[in-house]
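If you want the building blocks of each chain, they are given just below.
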Amino acid sequence: GGAALARVPTLMFDVQAGPWLNLIAPIGFYLLCVRLAGRGAAFLALVIFLFVNGRTAPALTTPTYSPWLFVATFAQGLFYLTMLAMTSAAGSPTDRRAIVVGSLAGLTFLAHTGPAVVLGAIALFVLPLRSILVAGVAAAAVASPFLWSIVGHYHLAVLNPVPAGWKWLPISWDGFPQTLRANALLLAMGFAGLFVVRWKIVRVWLAVAVALSVYGLVRDVVPALPPIVPTFHFWRYAVAALTMLAGAVLWAA
């Protein structure tokens, strides 16, 4: 669609639009942090997001900005915008707000399964039942092209489990201790931030992302467990929550 509007070949659009489309991530992350932690904390969290996170891991695997239009890098922006809508829907639930949440979640699912799974799990803990049902219908409607393909046509019969079970060594059972050491300061400030940012949705966000990351690590030693997506996709959102919390701690200090 973008290539048609720009009247350029698809491959050219994919490369040249990356720096612009990926701006959704830092913009969405900043707006979400403003909502949850205030402008000062959001600014410092954005500095970490842009200039620190990418120093310990490549942009494909960590929450930061990149000019390359990798699916996982682009989809994080949709995740932050959906979380922003979910904070409003959780604080003052209405059907209209639930539809917005569901529509954005469906769009995120069209982009990537990983953040959509995280969003769905968060919604179960922070939204009332009616909002969950309304948001679920809206998400299914927006994601219907993909759902029709994988559910209606393929009946979820995944024949090739290799992509979902692929391992990135730093976020694997063997490499994870080194990743924890490399991010020790961020982890310490992030967990301290739980005493500064009091929103329930933040705690649920971090807990869900960590739990899904742990599931992926356990699957490394118990391969019989069904794969969801490579573990680093879940770890990205744990680090994103820690980044916001670290910004809040720095601002409080």
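Structure report, in brief. Please read these numbers as outputs of a predicted model, since none were measured by experiment. One numbering rule holds for all chains: residues counted from 1, following each sequence as written. Residues qualify for local features only when their pLDDT is at least 70, as the model is predicted, and side-chain atom pairs are given and counted only at 80 or more; totals for whole chains, interfaces and linings, by contrast, use all residues. Each side-chain value is derived from all of the structure's non-hydrogen atoms; neither hydrogens nor water enter the calculation.

1. Remarks on the overall build of the chain
Rules: Strands here mean DSSP runs of E at least two residues long; helices mean DSSP runs of H or I at least four residues long; both are numbered from the N terminus. Here the globule rule reads 2.2 Å times residues to the power 0.38, and the radius of gyration is calculated from C-alpha atoms. To sort residues, take the accessible area from a 1.4 Å probe on protein chains only and compare it with the maximum for the residue type: under 20% means buried, over 50% means exposed, and anything in between is partly exposed. The contact rule is simple, with two residues in contact once any of their heavy atoms fall within 4.5 Å. Each accessible area is a Shrake-Rupley result for a 1.4 Å probe, and residues are judged covered by the shown protein chains and nothing else. Charge convention: Lys and Arg are scored as positive, Asp and Glu as negative, and His as well as the terminal groups of each chain are ignored. All charge positions are set by atom: Lys at NZ, Arg at CZ, Asp at CG, Glu at CD.
A tally of regular secondary structure across the chain gives 15 helices and zero strands. Computed over its C-alpha atoms, the radius of gyration of the chain comes to 18 Å, within 12% of the 18 Å expected for a compact globule of 253 residues. Across its three principal axes, the chain shows a C-alpha extent of roughly 55 × 45 × 40 Å. Put simply, the chain has 253 residues, and 43% of those count as buried. Partitioning the contacts of the chain with sequence separation of at least 6, the portion at a separation of at least 24 is 75%. With an accessible surface of roughly 12,800 Å², the chain has 72% of that area assigned to carbon and sulfur atoms. Treating the 14 positive side-chain charges of the chain as one cloud and the 4 negative ones as another, the clouds have centres 13 Å apart.

2. Examining a nonpolar patch on the surface
Rules: Like-charged residues within 9 Å of one another, or nonpolar side chains (Val, Leu, Ile, Met, Phe, Trp, Tyr) within 5 Å, are grouped into patches, provided each residue has over 30% relative accessible area and no salt bridge. Within this document, salt bridges are pairs made up of a side-chain nitrogen of Lys or Arg and a carboxyl oxygen of Asp or Glu, the two lying within 4 Å of each other.
A cluster of nonpolar side chains, W173, V210, V214, V218, V221 and V222, forms an exposed patch at the surface whose accessible area comes to about 460 Å². Mapping V221 onto the fold places it in helix α14 (residues 200-221). Relative accessible area serves as the criterion here: at 46%, V221 is assigned to the partly exposed category.

3. What about the nonpolar core?
Quick note on the threshold: By nonpolar core we mean a set of buried residues, namely Ala, Val, Leu, Ile, Met, Phe, Trp, Tyr and Cys, connected to one another through side-chain atoms within 4.5 Å.
F79, Y80, M86, I122, W205 and M244 are the most contacted members of the largest nonpolar core, which has 56 residues in total. Residue assignment for this core shows that the elements contributing at least two residues are α4 (24-37), α5 (39-51), α7 (71-91), α9 (113-126), α13 (184-193), α14 and α15 (232-252). In terms of residue count, α15 provides more of this core than any other element does, 13 residues in total. Once residues lying within four places of it in the same chain are set aside, the contact partners of M86 are V101, L119, I122, A123, V126, L127 and I201.

4. A short note on unusual backbone geometry
Positive phi values are uncommon outside glycine, yet H155 reaches one of about 55 degrees. Non-glycine residue L156 carries a positive phi angle of around 60 degrees. Summarising the element assignment, L156 is placed in the loop between α11 (144-153) and α12 (176-182).

5. Regarding helix α8 (residues 95-111)
Where we set the bar: The span one expects for a helix is its residue count, reduced by one, times 1.5 Å. This arc is built from the directions going out from the helix axis to the C-beta atoms.
Here α8 is 17 residues long and its end C-alpha atoms lie 24 Å apart, about the 24 Å a rise of 1.5 Å per residue gives. Turning to α8, its buried residues number three or more, namely A98, V101, G102, A105, G106, T108 and F109. Buried residues of α8, seen end-on, are gathered within an arc of 160 degrees and therefore sit on one face of the element. Elements in contact with the buried residues of α8: α7, α9, α10 (129-142) and α11.

6. Describing the environment of A164
The topology assignment puts A164 in the loop between α11 and α12. Filtering out sequence-adjacent residues up to four positions away, A164 remains in contact with P227, I228, V229 and P230.

7. Brief notes about the packing of aromatic side chains
Convention followed: We call Phe, Tyr and Trp rings a pair once their centres come within 6.5 Å, taking the six-membered ring for Trp, and we label the pair stacked below 30 degrees between planes, edge-to-face above 60, and tilted otherwise.
Enumeration according to the criterion identifies 10 aromatic pairs in this entry. Between F79 and Y237, the aromatic rings sit 4.3 Å apart at their centres with planes inclined by 45 degrees, giving tilted as the arrangement. On the criterion of sequence distance, the pair formed by F79 in helix α7 and Y237 in helix α15 is long-range, its members being 158 residues apart. When its relative accessible area of 1% is taken as the criterion, Y237 is described as buried. In textbook terms, an aromatic cluster arises when at least three aromatic residues are bridged by ring pairs, as seen for F29, F49, F79, Y80, W205 and Y237.

8. Some points on the side chain of T82
Put simply, the test is: Any pair of nitrogen or oxygen atoms within 3.5 Å is treated as a polar contact; in protein, a donor-acceptor pairing is required on top of that, and neighbouring residues in sequence qualify only through side-chain atoms on both sides.
Position of T82 relative to the elements: it lies in helix α7. A polar contact is formed between the side chain of T82 and the backbone oxygen of L78, at a distance of 2.7 Å. Beyond its immediate sequence surroundings of up to four residues, T82 is in contact with V101, L104, A105, T108 and L119.

9. A closer look at the packing of α7 against α8
Filter applied, for reference: Working convention: axes come from line fits to C-alpha atoms, limited for helices to the stretch in contact. Angles between N-to-C directions cover 0 to 180 degrees. Roughly parallel here means an angle under 35 degrees, roughly antiparallel means over 145, roughly perpendicular means 65 to 115, and every remaining angle is called oblique. Should the near helix be turned counterclockwise from the far one by less than a right angle, the crossing is left-handed, whereas a clockwise turn marks it as right-handed.
In the contact formed by α7 and α8, the axes pass within 9 Å of each other and the chain directions differ by 170 degrees. The angle between the axes of α7 and α8 places the two elements in the roughly antiparallel class. Considering the relative orientation of α7 and α8, their crossing is left-handed. Between α7 and α8, the residues in contact are V71, F74, A75, L78, F79, L81, T82, A85, M86, S88 and A89 and R97, V100, V101, L104, A105, L107, T108 and A111, respectively.

10. Re the pattern of salt bridges
What the rule picks out here adds up to one salt bridge. In this structure, D95 and R130 form a salt bridge, with 2.7 Å as the shortest nitrogen-oxygen distance. One end of the pair, D95, is in helix α8; the other, R130, is in helix α10, and 35 residues separate them in sequence.

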